[in-house]
Amino acid sequence: MIKRILSTSYLGILLVMLYAPILIIIIFSFTEAKVLGNWTGFSLKLYTSIFQGGIHHSLTSALYNTLIIGLIAAAASTVLGTIAAIGIYNLTPKSQKVMQMVNTIPILNPDIITAISLFLLFVSLSISQGYTTVILAHITFCTPYVVLSVLPRLRRMNPNLYEAALDLGATPFLAVRRILLPELKPGMISGFILAFTLSIDDFVVTLFTIGNEGLETLSTYIYADARRGGLTPELRPLSAIIFISVLVLLLVINQRAAKKKL
Amino acid sequence: MRQTTDIITVEHLSHAFGNKTVLQDINLSIGKGEFVTILGPSGCGKTTLMRLIAGFLKASEGKISIAGHDMTTTPPHLRPVNTVFQKYALFPHLNVFQNIAFGLNLKKLPKEEIQKKVKQVLKIVIMTDYEERDVDSLSGGQQQRVAIARAIVNKPEVLLLDEPLAALDHKMRKDMQMEIKAMHKKLNITFVYITHDQEEALTLSDRIVVMSEGVIQQIGTPTEIYNEPKNSFVADFIGESNILNGVMIHDELVEFAGHRFDCVDKGFAENELVDVVVRPEDIYIFEMSEAAQLSGQVTSSIFKGVHYEMTVITPEGFEFLIQDYHCFEPGHTVGLRVKPFDIQVMKKERLCNSFVGTIVDKSHVRFLKTNFKCNSAHKFPIGSKVRVAVEFQNVILHDSEEEGVLTGVVSFILYKGDHFHLTVRTKDKRNLYVQTNDIWDDGDTIGISISPESIHLEPV
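Everything numeric in this text was worked out from a predicted model, so none of it was measured.

Thresholds applied
- Residues numbered from 1 in each chain as written.
- Chains lettered and ligands numbered in written order.
- Predicted model: local features only at pLDDT ≥ 70, side-chain atom pairs only at ≥ 80, totals over all residues.
- Heavy atoms only, no water.
- Helix = DSSP H or I, 4+ residues; strand = E, 2+ residues; numbered from the N terminus.
- Buried < 20%, exposed > 50% of the residue type's maximum accessible area, 1.4 Å probe, protein only.
- Contact = heavy atoms within 4.5 Å.
- Lys, Arg positive; Asp, Glu negative; His and termini not counted.
- Charge placed at Lys NZ, Arg CZ, Asp CG, Glu CD.
- Areas by Shrake-Rupley, 256 points an atom, 1.4 Å probe, with all protein chains shown as cover.
- Patch = residues over 30% accessible without salt bridge, like charges linked within 9 Å, V, L, I, M, F, W, Y side chains within 5 Å.
- Salt bridge = Lys/Arg side-chain N within 4 Å of Asp/Glu carboxyl O.
- Pairing = 2+ DSSP bridges.
- Axes fitted to C-alpha atoms, helices over the stretch in contact; angles between N-to-C directions.
- Parallel < 35°, antiparallel > 145°, perpendicular 65-115°, else oblique.
- Left-handed = near helix turned anticlockwise from the far one by under 90°.
- Nonpolar A, V, L, I, M, F, W, Y, C, P; charged D, E, K, R; others polar.
- Core = buried A, V, L, I, M, F, W, Y, C linked by side-chain atoms within 4.5 Å.
- Domains from an automatic or database assignment.
- Buried area = accessible area lost by both parts, 1.4 Å probe.
- Polar contact = N/O pair within 3.5 Å; in protein donor to acceptor, adjacent residues only side chain to side chain.
- pLDDT = per-residue confidence, 0-100.

Participant: So what exactly am I meant to see when it comes to the overall build of chain B here?
Facilitator: Within chain B one finds eight helices and 30 strands. Along the first, second and third principal axes, the C-alpha atoms of chain B reach 80 × 65 × 45 Å. Counting all 460 residues of chain B, 52% fall into the buried class. The contacts of chain B with a sequence gap of at least 6 include a subset with a gap of at least 24, amounting to 64%. Side chains of chain B carry 49 positive and 61 negative charges; the gap between the two charge centres is 10 Å.

Participant: I'm lost on the overall build of chain A in this one. Help?
Facilitator: Of the regular secondary structure elements, chain A holds eleven helices and zero strands. Ordered by position from the N terminus, the helices and strands of chain A form the series α-α-α-α-α-α-α-α-α-α-α. Each of the three principal axes of chain A carries a C-alpha extent, and together these read 70 × 65 × 35 Å. Burial status across chain A gives 35% buried among its 262 residues. In chain A, of all internal contacts separated by at least 6 residues, the share reaching a separation of at least 24 is 71%. On chain A, roughly 15,500 Å² of surface is accessible, and the fraction owed to carbon and sulfur atoms is 72%.

Participant: Looking at this structure, how should I read a negative patch on the surface?
Facilitator: Residue and element names in this part refer to chain B. Together, Asp399, Glu401, Glu402, Glu403 and Asp438 line one region of the surface with negative charge. Structurally, Asp399 is set in the loop between β25 (395–398) and β26 (406–415). Residue classification places Asp399 among the exposed positions, given a relative accessible area of 65%.

Participant: Explanation requested: the sheet that holds strand β23 (residues 370–373) of chain B in the structure shown.
Facilitator: One key point about sheets: their strands pair by backbone hydrogen bonds, in either a parallel or an antiparallel sense. Residue and element names in this part refer to chain B. If you trace the five strands from one edge of the open sheet to the other, you get β23-β22-β21-β24-β30, paired in antiparallel fashion. If you trace the sheet from one side to the other, it starts and ends with β23 and β30 (456–459), each paired once. Pairs of neighbouring strands in the sheet enclose a mean axial angle of 40°, with direction left out of account. Where strand β21 (residues 353–361) meets strand β24 (residues 385–390), six bridges bridge the pair, whose relative direction is antiparallel. Across the sheet, residue Gly357 finds its bridge partner in β24, namely Val386.

Participant: Quick question: what am I supposed to make of the packing of helix α2 (residues 96–106) of chain B against helix α4 (residues 140–152) of chain B here?
Facilitator: Each pair of packed helices can be described by the angle between their axes along with the distance between the axes. Residues and elements named next belong to chain B. Two elements in contact, α2 and α4, have axes whose closest approach is 7 Å; the angle formed by their N-to-C orientations is 30°. In terms of their interaxial angle, α2 and α4 are classed as roughly parallel. Here α2 runs over α4; the crossing is right-handed. Here Val96, Asn99 and Ile100 of α2 lie close against α4, whose contacting residues are Val146, Ala149 and Arg150. Residue composition of the contact of α2 with α4, grouped by class: four nonpolar, one polar and one charged.

Participant: Even after reading the chapter, I still don't get the nonpolar core, so can you show me in this structure?
Facilitator: Across soluble globular proteins, nonpolar side chains have a tendency to be buried as a group. Within the largest apolar cluster, 65 residues are counted, with the highest numbers of intra-cluster contacts made by A:Leu154, B:Ile26, B:Leu49, B:Phe91, B:Phe102 and B:Met211. Take this core: its biggest share by element is eight residues, from helix α6 (residues 131–156) of chain A. Residues within four places of B:Ile26 in sequence aside, it is in contact with B:Val10, B:Glu11, B:His12, B:Leu13, B:Leu49, B:Met211, B:Gly214, B:Val215 and B:Ile216. With 35 residues, the next largest nonpolar core counts B:Phe35, B:Ile152, B:Tyr193 and B:Leu204 among its residues.

Participant: Please clarify how unusual backbone geometry should be interpreted in this entry.
Facilitator: Keep in mind that most residues, glycine aside, have a negative phi and that most peptide bonds are trans. A positive phi angle is found at B:Asp129, which is not glycine, with a value near 70°. Secondary-structure assignment places B:Asp129 in the loop between α3 (111–124) and α4.

Participant: Help me understand the domain arrangement of chain B, please; the structure alone is not making it clear to me.
Facilitator: Domain boundaries assigned for chain B yield domain 1 (6–232), domain 2 (245–347) and domain 3 (353–459). One C-alpha centre belongs to domain 1 of chain B, the other to domain 3 of chain B; they are set 41 Å apart.

Participant: How do you make sense of the environment of A:Ile88 when you look at a structure like this?
Facilitator: With respect to the element layout, A:Ile88 can be found in helix α3 (residues 57–89). In the structure, A:Ile88 is positioned ten residues away from A:Val98 in sequence and 9.6 Å away in space, judged by C-alpha atoms.

Participant: Explain the sheet that holds strand β3 (residues 35–39) of chain B to me, please; I cannot follow it from the model alone.
Facilitator: All names here are of chain B. Pairing is mixed in the open sheet, where six strands are placed in the order β6-β7-β8-β3-β9-β10. The open sheet has two edge strands, β6 (81–84) and β10 (215–220), and neither has a second partner. Averaged over all neighbouring strand pairs, the angle between strand axes comes to 20°, with direction disregarded. As defined by bridge partners, strand β7 (residues 158–162) adjoins strand β8 (residues 190–195) across five bridges and the pair is classed as parallel. Residue Val158 lies in a different strand from β8, and its bridge partner there is Thr190.

Participant: Is there a simple way to think about the interface of chain B and chain A in this case?
Facilitator: Many analyses report the size of an interface as the accessible area lost when the parts associate. Contact with chain B, which involves 20 residues of that partner, is made by 18 residues of chain A. Together chain B and chain A conceal approximately 1,800 Å² of surface at their shared face, both sides included; 63% is due to carbon and sulfur atoms. Viewed at the interface, chain A and chain B are joined by one salt bridge. Two residues, B:Arg51 and A:Glu163, come together in a salt bridge whose shortest N-O distance is 2.6 Å. For the interface between chain B and chain A, the tally reads six residue pairs in polar contact (both at pLDDT 80 or more). For the side of chain B that touches chain A, the elements supplying multiple residues, two or more each, are β6 and α2 of chain B. Of the residues belonging to the side of chain B that touches chain A, the class tally is eleven nonpolar, six polar and three charged.

Participant: Could you clarify how one ought to interpret the pattern of salt bridges in this entry?
Facilitator: Oppositely charged side chains can pair when the atoms bearing their charge come close. All names here are of chain B. Under the defined criterion, the tally for this structure stands at 16 salt bridges over all chains. The salt bridge partner of Glu113 is Lys117, with a shortest N-O separation of 3.9 Å. Placement of both Glu113 and Lys117 in helix α3 is noted, with a separation of four residues, approximately one turn of the helix. Residues joined by salt bridges that share partners form a network here, namely Asp275, Lys348 and Lys416.

Participant: Sorry, what's going on with the environment of B:Thr203 here?
Facilitator: Residue and element names in this part refer to chain B. Along the chain, Thr203 falls in helix α6 (residues 198–204). A relative accessible area of 29% means that Thr203 is categorised as partly exposed. Sequence separation between Thr203 and Val158 is 45 residues; the distance between their C-alpha atoms is 20 Å. Non-local contacts of Thr203, meaning those with residues more than four positions away in its chain, are made with Gln177, Met178 and Lys181.

Participant: How do you make sense of the confidence of the model for chain B when you look at a structure like this?
Facilitator: Any segment with low pLDDT has predicted coordinates that should not be analysed in fine detail. On average, chain B scores 90 in pLDDT, and the residues at 70 or more come to 99%. Confidence metrics for the complex model read pTM 0.79 and ipTM 0.77.

Participant: What is the right way to look at α2(B) in this model?
Facilitator: Side chains of residues three or four places apart in an α-helix project in the same direction, reflecting 3.6 residues per turn. Burial analysis of α2(B) places nine of its eleven residues in the buried class, the great majority of the element. Residues of α2(B) that are buried in the fold lie against α7 (161–167) and α8 (172–201) of chain A together with α3 and α4 of chain B. The backbone nitrogen of B:Phe97 has a side-chain oxygen 3.1 Å away, supplied by the residue at the start of α2(B), namely B:Asn95.

Participant: Explanation requested: the packing of helix α4 (residues 93–108) of chain A against α6(A) in the structure shown.
Facilitator: Residues and elements named next belong to chain A. Running from amino to carboxyl end, α4 crosses α6 at an angle of 145°, the nearest separation of the two axes being 9 Å. Each of Gln96, Gln100, Asn103, Pro106 and Ile107 in α4 lies in contact with α6, whose residues at this interface are Pro144, Tyr145, Val147, Leu148, Leu151 and Arg155. Among the residues forming the contact of α4 with α6, the class breakdown is seven nonpolar, three polar and one charged.

Quick look at the structure:
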């Protein structure tokens, strides 16, 4: 009995520690107070003001940039990562090991190193920094994650599927499109989502590759905002919206996975 | 039995993965409408041969013709061949109908025709009304039927079946064997069936191709293969058998197990050393009497359902496996008799190990990439090539690898009544044949040595 009380309360404390900060932000997104921690009565004004633009135009445009960059980077790295995974899968076991290590190095590499090296690369190639460089940088660090989520799918697949398609008269191209890609789809989707969240989340690499033409993503905007002194109150409802969206996305994905298993 | 038109001809086909040869000079022709089984233990190259015929692999050497066209380099999607894979390889994201219609859709046939053909073929494999089912929801046997349907719906010239029943349980396998045989009769498609199960091969085939170590050992009808195995490997692999060393005294008289027997084989040299095969069901066992050619004592007796399987050891020390409906208890003294017709005499593939070697110095000769001490090395000039012969019983095997001058792995074991005949494979893939009384297991790594006086040298 005591054991059970202890274990439940331990779990409870753990969950509170994990989710309290987010909960506080959500709670305080429903009040107008400038400073976090002051409750000045329930209000939805902050929510409406994010979407009104005007004074907070820079915030919405940062959000917009973040989403566009995320989508493009995720799509491109999904394509690249899937092709790479298929290639790795068809190597001899020995080269597979080598390639997998090569693929893991960028993941383990500290962000700051990736950021600086990309920055230096773009400078030395004299590519002007802006949208293109941020997207290229994001594709660079997202692709290995897509490889990691597609490869297990390939390994679990019946190795004869592709051959069976060829055997039934499909050209190699058709066999990939009609059989291989549908088989890899779940891995590609989870790779895409992973890449998308990584891209939205990224701050260090973005900061080094975004240039100084006034382009802002959410993370660089918040950073700049915080340095100017105090966070814009509208960040609270925005954080709440992002958190809820991610939560819903996660639930949908899990639901799909559960259904697939049945 | 064979028809005049060959649908597949394979000429001098060899294949290697890296430097490992898996197929060696395969020559084979398969007639239109024939049911041919390629039979061999795992690793014998049968799957590689199938993959070469299907086009999944490119042959290192040789030629493959299908339906009269050279298709050695034709990609798989252009060959008139369809395959049933061992693990079915059904497309999991498609339902039964879509799986079967896959090939027809690629041919861009009209919808109604595809519908009709799929329905027909589902009827052939006895899966009517399963069109909309998910393939994952089907049992193993049902998935196998869908896999067969998916292949035969395209009306290929040749249907390749790669161990299609290996994943099914015994009862199901028996049923499916009968159905596959019936389908073959009905469809008039050439079937090439790959299996390691000799019983399956005997049941299904018009002809059997027995393979071992990348080489065809024998091609023949099931009865030919069973009754007249060409060598001791085939005799041992197909069915149960007693294989013994023998001497052909003269035509129709052979000596083995210390006795002389009348037989029907002719054409051997007088006193030629031979291998003799007697099937366990061909030995008559009875209470000791005048009629006995051999006497012996029963050492074990096991009930096998239809018959008893007994081992009898003769006073000369030879062991015989015998199957009979009557049971003789262990310890019982019995008489044995074999009819001349039931004795199969085979040429020995080799009488000793032979290699080409080089004289290293006055007392050493080099072969199998190893220097061996040899008493007669001084008779030849240093550096000259010699023919090396080592008798089977003079190869010494050691438990520990360090004790030998080279190491090897036991790759094949043949019991010859009173001793074992082992094939030992050395590191650089050469075979050494050893006669021994000790019991070794398949896959044992062992040390090998040869005493200096038993290495015989001859000029090349």
